[in-house]
Amino acid sequence: MSRTIANLRPEWLTPEVMAIAVAMLQALVILLAAVLVGAILTVVERRLLGWWQDRYGPNRVGPFGVLQLVADMIKIFFKEDWIPPFADKTLFVLAPAIAMASLLLSFMIIPITPGWGVANWNIGLLFFLAMGGINVYSVLLGGWASANKYALIGAMRSSAQTISYEVFMGLSLMGVVAMAGSFNLREIVDAQQGLWYIVPQFLGFCNFLIAGFAVVHRHPFDQPEAEQELADGYHIEYSSMKFGMFFIGEYVGMLLVSALVVTLFFGGWHGPVLPPIFWFVLKTSFFLMLFILVRASLPRPRYDRVMTFGWIVCLPLTLINLLVTGGVILLAAPG
Amino acid sequence: MELAFYLSGLVAVLATLGVISNHNPVHGVLYLVVSLLAVAMVFFALGAPFAGALEIIVYAGAIMVLFVFVVMMLNLGQAAVAQERIWLQPATWLGPSLLATVLLVTLIGTLWRGDAGMLVQGDVLSAKQVGMILFGPWLLVVELGALLLLAALVTASHVGRQRLQAPGSETDKEAP
């Protein structure tokens, strides 16, 4: 039977070619899924916010408001795509593309199930940190190219905040890296078969979550946007699909941080009875809900308090965590 | 991988030329970011992904952000671009370009022959030897340099502090 199939196969379709085709298909599916989930989240967030704040939220379009996304998309596509005459045109167009691309590229390194995932690199975690670093430019350039005071203030706040929080975002992950002995995310997930890293690395988890909120500038760290003071900050001059890319990019960032938290601290796809993909989706959805719940319940702190909190509280905690982790690993090491 | 190496090397050189020749400071700094990314790509192609990733995280992701930040704070408008354009006229280019070309020809000539016989005198020093000399006989000087940097850091911190705690400032009033 297998011989007949082998005979039917065309000459160029070697196992290598098939492996490449499958990998490319997987990458495409993951990319589309990430964008689609990001888009759907915009509506899910508004419905959940409405529910938690005891009001309806968008419930008019379609049954239970499920078609709201379609309505939003139609609206955003047909708006005038306006570039202000005083703006720096190249950078103005480039900024939203960086916002979307840097975050989507980071999905490459996330292992979804044993068989699913795009890149299996030894520097996986460093790649995420690098892309996080590149992502700062989107806000920075968007704010500067708009040539608008509010946008510039938003961009400057954002760069200061992101640089500060990226310092201990990287450091809070080093505890996990030290325990697993690898930057490779698949090896980190496999190292958590017995015990999820949330237990030994609880401080690291707290710091990473806070830094994650700050780096994708979600509420309560949405200083660069701050509707009440800055009237939407860095994307104030953007309209149509360019605004859409900033907007969806924020949700893609949320999804990315949730998936990373699951991979690094909650055992990735591991879980009893049910298939791996189910566990991964369930855990990631939980953290997405957490993102939305935090937005629904916490007020936004003053800007200087955000900076002070990062440097005075989070950085020392991260360093202590790293020190203790290193000490324990050295003590437990044989010899 | 060889193609990737040469391509990213070419991008690095072109982007660096862009840094020098651009009239707009922000565009110039962005060319520098592209150049650093290209150098990181060269590291990847050479089989040193760790160095490449660190290059992106440290240089492109942190240091260059501060550069862009400062240039943005200066708020240079069209006037600055016009001034740069005047400064970068062909007459100004001529002298430095000639001198740089001489250096380039010398460098290519040295690389082409690829032997150590072209040294003026002495041996080729490796990084290890430099490190051993720095942290052996010259340790005291290195430590003095470190002390100087530390003093500069403390001074900078002090100067920044003074302004924050000026009497009657906003920060004082709002503190709980």
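Cut-off values and rules
- Residues numbered from 1 in each chain as written.
- Chains lettered and ligands numbered in written order.
- Predicted model: local features only at pLDDT ≥ 70, side-chain atom pairs only at ≥ 80, totals over all residues.
- Heavy atoms only, no water.
- Salt bridge = Lys/Arg side-chain N within 4 Å of Asp/Glu carboxyl O.
- Helix = DSSP H or I, 4+ residues; strand = E, 2+ residues; numbered from the N terminus.
- Buried < 20%, exposed > 50% of the residue type's maximum accessible area, 1.4 Å probe, protein only.
- Contact = heavy atoms within 4.5 Å.
- Buried area = accessible area lost by both parts, 1.4 Å probe.
- Polar contact = N/O pair within 3.5 Å; in protein donor to acceptor, adjacent residues only side chain to side chain.
- Axes fitted to C-alpha atoms, helices over the stretch in contact; angles between N-to-C directions.
- Parallel < 35°, antiparallel > 145°, perpendicular 65-115°, else oblique.
- Left-handed = near helix turned anticlockwise from the far one by under 90°.
- UniProt positions renumbered as here; feature names shortened; annotations may be inferred.
- Phe/Tyr/Trp six-rings, centres within 6.5 Å; stacked < 30°, edge-to-face > 60°.
- Lys NZ or Arg CZ within 6 Å of the ring centre and 35° of its normal.

**Brief notes about the pattern of salt bridges**
Residue and element names in this part refer to chain A.
Working step 1: Counted under the stated rule, the structure contains 6 salt bridges over all chains.
Working step 2: Note that Arg46 and Asp72 form a salt bridge whose closest N and O atoms lie 2.9 Å from each other. Here Arg46 is found in helix H2 (residues 15-52), whereas its partner Asp72 is found in helix H3 (residues 68-77), with 26 residues between them in sequence.
Working step 3: Across the pair Arg218 and Glu250 runs a salt bridge whose closest N-O atoms are separated by 3.2 Å. Within this pair, whereas Arg218 is found in the loop between helix H8 (202-215) and helix H9 (227-230), its partner Glu250 is found in helix H10 (residues 240-265), the two being separated by 32 residues in sequence. Each of the two residues, Arg218 as well as Glu250, counts as buried.

**Examining the interface of chain A and chain B**
Working step 1: Counting residues at the interface gives 22 residues for chain A and 23 residues for chain B.
Working step 2: Here chain A packs against chain B, burying approximately 1,900 Å² in sum over the two surfaces, 80% of which is carbon and sulfur.
Working step 3: Inspection of the chain A/chain B interface yields 0 salt bridges.
Working step 4: For the pair chain A and chain B, the number of links is 3 residue pairs in polar contact (both at pLDDT 80 or more).
Working step 5: For the side of chain A that touches chain B, the secondary-structure elements that each account for two or more residues are helix H5 (124-145) and helix H6 (149-180) of chain A.
Working step 6: In terms of residues, the side of chain A that touches chain B owes the most to one element, H5 of chain A, which gives 10 residues.

**Observations regarding unusual backbone geometry**
Residues and elements named next belong to chain A.
Working step 1: Unusually for a residue other than glycine, Asp54 sits at a positive phi of about 60°.
Working step 2: Turning to its location among the elements, Asp54 is positioned in the loop between H2 and H3.
Working step 3: With a phi close to 30°, His217 is a non-glycine residue in the positive phi region.
Working step 4: For His217, a relative accessible area of 8% puts it in the buried group.

**Some remarks on the packing of H6 of chain A against helix H3 (residues 49-74) of chain B**
Working step 1: Here H6 of chain A crosses H3 of chain B at 155°, and the two axes come no closer than 11 Å. Judged by the angle between their axes, H6 of chain A and H3 of chain B are roughly antiparallel. In the crossing of H6 of chain A with H3 of chain B, the sense of the turn from one axis to the other is left-handed. Contacts from Leu152, Ala155, Met156, Ser159, Ile163 and Glu166 of chain A in H6 of chain A reach Gly61, Ala62, Val65, Phe69, Met72 and Met73 of chain B in H3 of chain B.

**Concerning the UniProt feature "transmembrane region" (unreviewed entry) in chain B**
Residue and element names in this part refer to chain B.
Working step 1: The UniProt feature table records "transmembrane region" (unreviewed entry) at residues 6-22, 29-50, 56-81, 93-112 and 132-154.
Working step 2: This span, residues 93-112, is 100% helix and 0% strand, and a straight line between its end C-alpha atoms measures 28 Å.
Working step 3: In this annotation, residues 132-154 is assigned 83% helix and 0% strand; the end-to-end C-alpha distance for the span is 29 Å.

**Structural notes on the packing of aromatic side chains**
Residue and element names in this part refer to chain A.
Working step 1: Considering all chains together, one arrives at 19 aromatic pairs over all chains under this definition.
Working step 2: Note on Phe202 and Phe205: the rings are 6.2 Å apart at their centroids and 40° apart in plane angle, and the pair reads as tilted. With Phe202 and Phe205 both in helix H8 and 3 residues apart, this pair spans about one turn of that helix.
Working step 3: By relative accessible area, which is 47% here, Phe202 ends up partly exposed.
Working step 4: Taken together, a centroid distance of 6.0 Å and an interplanar angle of 80° make the contact between Phe278 and Trp279 edge-to-face.
Working step 5: Here Trp279 falls in the buried class, since its relative accessible area comes to 17%.
Working step 6: Through successive ring pairs, a cluster of aromatic residues spans Trp196, Phe202, Phe205, Phe208, Phe265, Phe266, Phe286 and Phe287.
Working step 7: Residue placement shows Arg157 over the ring face of Tyr303; its charged tip is 5.1 Å from the ring centre.

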